[in-house]
Amino acid sequence: MDDVQRVLPYIPDGSRFVDVGANVGLFTECVLQERPNCEAFLFEPVRRYYERCRQRFEDNPRVQVIHAGLGSEPGRATIFKPRHNFGGNTIVRELFFDRSELAQLKSETPFDEEEVPIEVFSDVAERLGIADVSFIKTDAEGHDHAVLAGMLAWLETQATKPVILAELLAEFYHPHWDQQAAALEGLTRVGYRECDLSQMQKIDDILLFPSEYKQPES
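All of these numbers come straight from a predicted model, not from anything done at the bench. (Residues numbered from 1 in each chain as written. Predicted model: local features only at pLDDT ≥ 70, side-chain atom pairs only at ≥ 80, totals over all residues. Heavy atoms only, no water.)

Undergrad: When you look at the overall build of the protein chain in this model, what are you seeing that I'm missing?
TA: Tallying secondary structure elements over the protein chain gives eight helices and nine strands in all. Per-residue burial over the protein chain gives 52% buried out of 218 residues. For the protein chain, restricting intrachain contacts to residue pairs at least 6 apart in sequence, the fraction spanning at least 24 positions comes to 69%. On the protein chain, roughly 10900 Å² of surface is accessible, and the fraction owed to carbon and sulfur atoms is 44%. (Helix = DSSP H or I, 4+ residues; strand = E, 2+ residues; numbered from the N terminus. Buried < 20%, exposed > 50% of the residue type's maximum accessible area, 1.4 Å probe, protein only. Contact = heavy atoms within 4.5 Å. Areas by Shrake-Rupley, 256 points an atom, 1.4 Å probe, with all protein chains shown as cover.)

Below is the structure:
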């Protein structure tokens, strides 16, 4: 709920928002408790969590749950699912296996794998008519840079651009730091403020604002 309170000022009641990496839908449910007239588009790649999320909102016609992860290219990917952390699912293999001193997964940690569909947000937005979005949350466990890259074409067409809350990784930790930096540079090109990550922690939820954004009055 603390995360929700942080972003509620950027989600007017009756607006649209997007929840990428929705898991079982708790973030969106908390938002809708405060903003019941909002319309939401949720993306969740893990089948089990997608099904639970879909059931959670099956009586709310303003919520659409899409069974897919998002990225910069469409296709399929393996997602790694640690059994001790239902929110720690990632398709970034290096965060699990390739860098032992920083890896989330230890040798004794049980985990499962699942093949999941990956779509590009700009393509989905065109197909579903997603526009006039006030806020986007991405929580893709190290894959947020690819999610953002796949949004650039759509963002460029939006006269009013959404505030974005993205889970980003520090340079010393991110195995794909250059790609994350490129995605942020892409956001700047389509109308977002530059983002300084030099003082961030290993993993931070970073607010990304359009260049012309004005803070809502309290």
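Next comes the rest of the description.
Undergrad: Would you explain the pairing of strand E3 (residues 63–66) in this entry?
TA: Bridge analysis of strand E2 (residues 39–43) against E3 gives four bridges, and the strand direction is parallel. When the sheet's bridge partners are listed, alanine 40 is paired in E3 with valine 63. Handedness of the crossover joining E2 and E3 through helix H3 (residues 47–56): right-handed. (Pairing = 2+ DSSP bridges. Right-handed = clockwise from strand over helix to strand, strands pointing away.)

Undergrad: Hey, could you run me through the nonpolar core in this one?
TA: The tendency in soluble globular proteins is for nonpolar side chains to be buried side by side. Of all hydrophobic cores here, the largest spans 34 residues; its most connected members are Phe43, Phe121, Leu148, Ile164, Leu187 and Leu208. The element best represented in this core is helix H8 (residues 177–189), accounting for four residues. Setting aside residues up to four positions removed in sequence, leucine 187 forms contacts with Leu148, Leu152, Leu155, Ile164, Tyr192 and Leu208. Val4, Val7, Tyr10 and Leu32 belong to the second-largest nonpolar core, a separate cluster that totals 25 residues. (Core = buried A, V, L, I, M, F, W, Y, C linked by side-chain atoms within 4.5 Å.)

Undergrad: Hey, could you run me through the layout of surface pockets in this one?
TA: The gaps of empty space that remain are located by a probe, the size of a water molecule, rolled over the atoms. Approximately 570 Å³ is the volume attributed to the largest pocket. Residue assignment for the lining of the largest pocket shows that the elements contributing at least two residues are helix H1 (2–7), helix H2 (26–34), strand E4 (69–70), strand E6 (111–119), strand E7 (133–138) and strand E8 (163–169). (1 Å grid on protein atoms, 1.4 Å probe; cavity = no way out; pocket = protein on both sides within 12 Å on 5 of 7 lines; lining within 4 Å. Points joined across faces, edges and corners; volume = space filled by probe spheres on them.)

Undergrad: What should I look at first to understand the pairing of strand E1 (residues 16–20) in this one?
TA: Regular strands show a simple pattern: their side chains alternate between the two faces of the sheet. Counting buried positions along E1 yields four of five residues, so the element is predominantly enclosed. The sheet contact formed by E1 and E2 spans five bridges and is parallel. Residue pairing in the sheet places phenylalanine 17 in a bridge with alanine 40 of E2. Each parallel crossover has a hand, and the one from E1 via H2 to E2 is right-handed. Inspection of the sheet shows E1 paired to E7 by five bridges, in the parallel sense. Residue pairing in the sheet places aspartate 19 in a bridge with lysine 137 of E7.

Undergrad: Sorry, what's going on with the environment of arginine 62 here?
TA: For arginine 62, the position within the fold is in the loop between H3 and E3. For arginine 62, a relative accessible area of 36% translates into the label partly exposed. Measuring from C-alpha to C-alpha, the distance between arginine 62 and glutamate 39 comes to 4.7 Å, with 23 residues separating the pair along the chain.

Undergrad: Quick question: what am I supposed to make of helix H5 (residues 121–128) here?
TA: Three- or four-residue spacings in an α-helix give side chains the same orientation, since the helix completes a turn every 3.6 residues. Buried within H5 are the following residues: Phe121, Ser122, Val124 and Ala125. Projected down its long axis, H5 carries its buried residues within an arc of 160 degrees, all on one side. Facing away from the buried side of H5 by over 90 degrees, the exposed positions are Glu126 and Arg127. Immediately downstream of H5, the backbone of glycine 129 shows phi near 70 degrees, a positive value. (Arc of directions from axis to C-beta.)

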